[in-house]
Amino acid sequence: MTSLSPCETSKEIREPRPTKYGRFRRWPHQSTFTLRRFLRAGLSLFTFHLSLLFAAPAVAQIKIGAVSCISGPLSTFGVSSIRGARMAIEEVNAKGGVLGQSIDLVVDDNGSKAGETARIARKFLSQDHVVAILGDLTSSATMEAAPLAQEAHVPLLTPTATAIAVTKVGDYIFRSCFTDPFTGRIMARFAIEHLHARRGVILIDVKQDYSIGVSAELGSFYRQEGGQVLQEFSFSSGDTDFRAQLSSLKSLQPEVVFVPAYYTEAALILREARQLGVKAPFVGGEGWDSPSLISVAGKTAEGSYYTNHFSPDDPEPLVQTFVRAYKTKYGTAPDALSALWYDGAGLLADAIRRAGSTEPAKIRDALATTKNFPGVTGNISVDERRNASKPVVVVTIANGQVKMVERVEP
Amino acid sequence: MSRARTILGIFLLFLFLFALTGERPFASHLAYYYDILINIGINVILAVSLNLVNGYTGQFSLGHAGFMAVGAYAAGSWSEHLSPGLVNFLAGSNGVLTFVLQPFPFLQPFAFPTAVADNLALIVATMFGGLLAALAGLAVGIPSLRLRGDYLAIVTLGFGEIIRTLILNIDFLGAARGMSVTGRYTNMFWTFGFAAVAIYVVLGLVNSTYGRGFLTVRDDEVAAEAMGINTTKYKVIAFVVGAFFAGTAGSLFAHYAGFLTPEGFNFFKSVDVVVMVILGGMGSTTGVILAAALLTILPEVLRALAHTDFVPAAQKAIEGVIPIHLPPLQGLLENRLILYSLLLIIMMLTRPQGLFGDLAGSRKRVTSSASK
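Residues numbered from 1 in each chain as written. Chains lettered and ligands numbered in written order. Predicted model: local features only at pLDDT ≥ 70, side-chain atom pairs only at ≥ 80, totals over all residues.

Asks: If you had to explain the overall build of chain A to someone new, which residues and values would you point to?
Replies: When helices and strands are counted, chain A shows 13 helices and 15 strands. Out of the 410 residues belonging to chain A, those deemed buried represent 49%. In chain A, once contacts between residues fewer than 6 apart in sequence are set aside, the share between residues at least 24 apart is 66%. (Helix = DSSP H or I, 4+ residues; strand = E, 2+ residues; numbered from the N terminus. Buried ≥ 20, exposed ≤ 12 C-beta atoms within 10 Å, placed from the backbone. Contact = placed C-beta atoms within 7 Å.)

Spelled out as structure tokens, the structure:
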């Protein structure tokens with residue numbers, strides 16, 4: 001404000017004043033409007049506003065920090081996730097918030113870069129004083145933040161990081177999705193109970209942790225339930241020709257083929273298998289969940305099954321309300337990531353309500369004793385290893401559409 | 001040389017100041033600002049070392065993240081797998097040092113407390129990481145530095161990708177799962193200490209009689225060769241020194257973040273460092289340091305702006321005075337990397353010669369300084 005002296009207004013300058021400098025009509029340096037002076041005045045106004053801004057008293061709000069990859073290579077996932085989380089918190093606030101206060105979701109972007117999530121976690125803990133952290137999306141980013149949250153004794157809940165190591169960091173780290181071995185168990189149980197198939201083969205992508213993690217538990221659980229694993233075939237991400245594996249697979253005449261892999265390879269496997277005349281149904285995991293599976297495999301994908309976190313055509317009223325609200329807000333149908341983050345944020349808000357306090361330690365205790373939280377991805381309970389135990393949706397592909405088959409309780 | 005001393009003096013002052021701030025300031029309420037400062041330190045090391053290759057020697061390298069990855073993973077696995085036994089053997093409660101000092105109780109204070117052991121572990125790991133990265137620099141440099149310009153850029157880019165893919169396939173280093181580094185030893189002191197060393201070495205090299213060779217290689221390679229300068233040797237030296245400091249930066253990062261993933265050292269990381277060098281002015285150490293600091297702070301400032309009500313309020317005020325409808329600026333701020341890129345373009349358009357330009361002597365030619 002200092003640079004705005006009173007004689008700078010044009011009216012005063014034009015009128016000669018009876019001062020001791022009166023014989024000068026104007027000061028040369030105060031003469032007229034100059035760009036420099038305009039900018040200087042603007043700058044001082046800017047800083048003045050800024051100071052008002054920082055001096056403003058804080059409104060009593062409960063802060064939850066949410067971190068995801070909103071920009072960078074993983075941004076499609078990150079944007080979906082934050083949309084889900086925002087919607088959940090807006091709904092909670094519309095109903096009056098929790099403990100008589102509204103929740104402020106502090107959203108930060110890690111730009112899909114290494115090291116950023118750690119910085120954001122430090123910001124959440126030291127600047128924003130959040131009561132809990134929601135995130136991150138990937139396991140590796142979550143691993144940066146988890147030790148910091150554990151040290152600060154602030155609960156961290158990741159809705160999507162599936163690596164086992166994450167929740168092993170400490171007793172303040174939670175997960176609201178299921179882990180890879182759990183997917184394997186559901187696939188095995190579905191094959192036995194629904195398809196009545198007791199002779200199976202497994203195709204494993206040896207380059208993906210996800211595939212290895214799922215198939216290890218899948219094989220042992222399938223045998224335990226009375227199934228027989230005829231053979232395990234392996235391939236690597238990026239392969240395009242699976243004829244060698246599929247020909248010998250065909251000669252074994254399996255009743256079911258498990259393909260716990262990502263959609264790129266799964267689609268090619270389906271196509272080549274049907275061309276070779278393999279008739280057995282194929283069962284995959286949530287790695288299959290992509291529109292490009294159906295567009296690449298086309299008709300050959302018909303009659304295959306895969307497990308997923310969530311299905312938009314689940315008749316459950318809770319899911320249908322969510323899908324409708326999401327469509328009106330964002331214009332697209334929600335994907336599994338939005339649903340998972342919607343549930344994660346809702347679960348945190350619910351834990352604060354149940355804790356009856358905004359103390360992080362009490363929220364932790366409330367999270368650890370979560371029983372049957374009604375989420376759109378199913379009723380969530382938290383087990384003693386702080387992982388979620390929740391139902392899995394099994395879907396099938398019929399007429400080029402994904403249809404829900406059943407909801408498998410844990 | 002006097003400029004080098006001034007900069008060194010400033011960094012020593014920093015060093016001294018932060019040595020006073022105590023052992024682990026990372027749990028305090030200033031943790032976020034310490035985080036930014038540490039990242040500035042790491043980025044200064046990366047940018048200054050790349051400046052030796054890209055700026056002073058005029059070789060366009062795009063593989064700096066690769067060298068950083070070598071240093072980070074080497075130092076990380078050193079601390080995780082190799083050193084705990086060694087440190088315990090030397091300085092543990094039943095270690096050699098305790099045993100040696102046992103008969104002399106008055107010397108007990110000199111036995112390593114944990115804090116000292118942590119610092120020692122960091123130095124050793126960082127030197128190990130730096131040396132391995134330097135070796136990688138030598139291995140890549142000798143065959144590839146016979147190439148020039150675009151070809152060299154492609155070779156170094158390929159090297160960075162090879163390193164990343166190699167790590168993805170080595171189970172010992174955690175492959176795609178990533179690697180945890182439990183000892184988070186990095187502190188302000190050593191980050192800025194290594195930054196000071198990097199600046200001193202680079203400036204010392206370039207400003208020495210011997211180091212004038214780097215500048216001649218940049219200014220005119222054919223003339224340099226005609227004058228009897230072994231250009232390949234100079235290029236390899238620049239490459240190896242650059243790689244060494246990239247490795248130390250990697251080690252500091254590994255012991256700070258506590259978690260390494262191959263995706264953290266991809267092509268974009270290399271480009272980030274190259275941008276710092278170009279913005280700072282190729283061959284201006286002062287400018288590059290400033291650019292490294294600026295480009296680390298800028299995204300955080302934009303992050304802070306995105307969280308305040310200032311921008312929507314300002315937008316409302318502007319739209320109140322001038323009857324126009326601006327697009328939602330807050331939305332733009334949430335995608336702050338768009339704004340960041342925009343600011344980069346503006347900076348490059350207004351200061352194509354670097355932040356300091358001629359002032360810092362980035363355009364100083366050997367010929368002009370020799371004729372004085």
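Asks: Residue-level account of the overall build of chain B, with values.
Replies: Per the secondary structure count, chain B includes 16 helices and two strands. In chain B, which comprises 372 residues, the share counted as buried stands at 45%. Here the contacts in chain B between residues at least 6 apart in sequence split such that 82% fall between residues at least 24 apart.

Asks: Break down the interface of chain B and chain A for me, citing the residues and quoting the values.
Replies: Contacts between the two partners involve 23 residues from chain B and, on the opposite side, 22 residues from chain A. With three residues, helix H2 (residues 31–56) of chain B is the largest single contributor of residues to the side of chain B that touches chain A.

Asks: Residue-level account of helix H5 (residues 139–152) of chain A, with values.
Replies: Residue and element names in this part refer to chain A. For H5, with 14 residues, the first-to-last C-alpha span of 20 Å sits near the 20 Å given by 1.5 Å per residue. Considering bend angle alone, the principal kink of H5 is centred on Ala145 and spans about 30 degrees; proline Pro147 follows within four residues of it. Most of H5 sits inside the fold, with 11 of its 14 residues counted as buried. (Expected span 1.5 Å × (residues − 1). Bend = angle between axes of the 7 residues up to and from the residue.)

Asks: If you had to explain the sheet that holds strand S7 (residues 228–235) of chain A to someone new, which residues and values would you point to?
Replies: All names here are of chain A. Taking strand neighbours across the sheet as the criterion, the seven strands line up as S7-S6-S8-S9-S10-S14-S15 in an open arrangement whose pairing is mixed. Single-partner strands in this sheet number two, and they are S7 and strand S15 (401–408). On average, adjacent strands in this sheet sit at an angle of 25 degrees to one another, irrespective of strand direction. With three bridges joining them, strand S8 (residues 256–259) and strand S9 (residues 282–284) adopt parallel strand pairing. (Pairing = 2+ DSSP bridges. Axes fitted to C-alpha atoms, helices over the stretch in contact; angles between N-to-C directions.)

Asks: So what's going on with the confidence of the model for chain A? Which residues, and what values?
Replies: All names here are of chain A. Averaged over every residue, the pLDDT of chain A is 84; the share at 70 or more is 85%. For chain A, helix H1 (residues 10–14) is the element with the lowest average pLDDT, namely 50, and strand S4 (residues 156–158) is the one with the highest, namely 96. Scored below 50 in pLDDT, residues 1–12 makes 12 contacts in the model with residues more than four places away or belonging to other chains. Confidence drops under pLDDT 50 across residues 20–31; counting only partners more than four residues distant or on other chains, this segment forms eight contacts. (pLDDT = per-residue confidence, 0-100.)

Asks: An account of the domain arrangement of chain A is needed here, citing residue identities and associated values.
Replies: As far as domains go, chain A holds domain 1 (6–55), domain 2 (62–178 + 316–391) and domain 3 (181–308). Using only C-alpha atoms to locate each centre, domain 2 of chain A and domain 3 of chain A end up separated by 31 Å. (Domains from an automatic or database assignment.)

Asks: A description of the sheet that holds S4(A) should follow, citing residues and the corresponding values.
Replies: All names here are of chain A. Read from one edge of the open sheet, five strands run S2-S1-S3-S4-S5, paired in parallel fashion. Since the sheet does not close on itself, it has two edges, and those belong to strand S2 (103–109) and strand S5 (173–175), each with one partner. Across this sheet, the average inter-strand angle for adjacent strands is 25 degrees, counted without regard to direction. Contacting strand S1 (62–68), S2 and strand S3 (132–134), helix H4 (residues 116–128) crosses the sheet at an angle of about 175 degrees to S1.

Asks: Give a description of the confidence of the model for chain B that names residues and reports values.
Replies: Residue and element names in this part refer to chain B. Taken over all residues, the pLDDT of chain B has a mean of 81, while the share at 70 or more is 80%. For chain B, the element scoring lowest by mean pLDDT is helix H16 (residues 366–371), at 42; helix H10 (residues 231–257) scores highest, at 93. Confidence metrics for the complex model read pTM 0.79 and ipTM 0.80.

Asks: So what's going on with unusual backbone geometry? Which residues, and what values?
Replies: As a rule of thumb, non-glycine residues mostly have phi less than zero, and peptide bonds are mostly trans rather than cis. Residue and element names in this part refer to chain A. The omega torsion across Gly135 and Asp136 is 0 degrees, close enough to zero to call that bond cis. Structurally, Asp136 is set in the loop between S3 and H5. A positive phi angle is found at Asn399, which is not glycine, with a value near 50 degrees. Within the secondary structure layout, Asn399 lies in the loop between strand S14 (392–398) and S15.

Asks: Summarise the environment of Ala132(A); cite the residues concerned and give the values.
Replies: All names here are of chain A. Locating Ala132 in the fold gives a position in strand S3. Its 26 C-beta neighbours within 10 Å are what place Ala132 among the buried residues. With 129 residues separating them along the chain, Ala132 and Ala261 place their C-alpha atoms 33 Å apart. Not counting the four nearest positions on each side in its chain, Ala132 is found in contact with Ile64, Val154, Pro155, Leu157, Leu348, Pro360 and Ile363.

Asks: Tell me about the packing of helix H6 (residues 180–193) of chain A against helix H7 (residues 209–224) of chain A, residues and numbers included.
Replies: All names here are of chain A. Across the interface, H6 lies against H7 with an axial gap of 7 Å and an inter-helix angle of 45 degrees. In terms of orientation, H6 and H7 fall into the oblique class. At the point where H6 passes H7, the crossing takes the right-handed sense. Where H6 approaches H7, its residues Asp180, Pro181, Thr183, Gly184, Arg185, Met187, Ala188 and Ala191 are matched on the opposing element by Tyr210, Gly213, Val214, Ser215, Ala216, Glu217, Leu218, Phe221 and Tyr222. Looking at side-chain class alone, the contact of H6 with H7 contains 10 nonpolar, four polar and three charged residues. (Parallel < 35°, antiparallel > 145°, perpendicular 65-115°, else oblique. Left-handed = near helix turned anticlockwise from the far one by under 90°. Nonpolar A, V, L, I, M, F, W, Y, C, P; charged D, E, K, R; others polar.)

Asks: Got a sec to walk through the pairing of strand S10 (residues 305–308) of chain A? Specific residues and values, please.
Replies: All names here are of chain A. Taking every second residue as pointing to the same face, both faces of S10 are buried, with Tyr305 and Thr307 on one and Tyr306 and Asn308 on the other. In this sheet, S10 lies alongside S9 in parallel orientation, the contact comprising two bridges. Considered in S10, the bridge of Val283 is made with Tyr305. With helix H10 (residues 291–297) bridging S9 and the parallel S10, this β-α-β connection has right-handed handedness. Here S10 runs beside S14; their pairing, made up of four bridges, is antiparallel. Following the sheet pairing, Thr307 is matched in S14 by Val394. (Right-handed = clockwise from strand over helix to strand, strands pointing away.)

Asks: How would you explain the environment of Leu305(B) if you had to name every residue and give the values?
Replies: Residue and element names in this part refer to chain B. For Leu305, the position within the fold is in helix H12 (residues 285–307). Classification of Leu305 as partly exposed rests on a count of 15 C-beta atoms within 10 Å. Leu305 sits 31 residues away from Arg336 along the chain, and the two C-alpha atoms are 9.5 Å apart.

Asks: Residues and numbers for the packing of H2(B) against H10(B), please.
Replies: Residues and elements named next belong to chain B. Contact pair H2 / H10: the axes reach a minimum separation of 8 Å and the direction vectors enclose 165 degrees. On the basis of their axis angle, the class for H2 and H10 is roughly antiparallel. Considering how the two elements wind past one another, H2 and H10 form a crossing that is left-handed. Touching Ile38, Ile42, Ile45, Leu46, Ser49, Leu50, Leu52 and Val53 of H2 are Ala238, Phe239, Val241, Gly242, Phe245, Ala246, Thr248, Ala249, Leu252, Phe253 and Tyr256, all from H10. Of the residues that constitute the contact of H2 with H10, the class distribution is 16 nonpolar, three polar and no charged.

Asks: Give me the lowdown on the pairing of S15(A), citing residues and values where you can.
Replies: As paired strands, S14(A) and S15(A) are joined by seven bridges and run antiparallel to one another. The residue of S15(A) that forms the bridge with Ala398(A) is Gln401(A).

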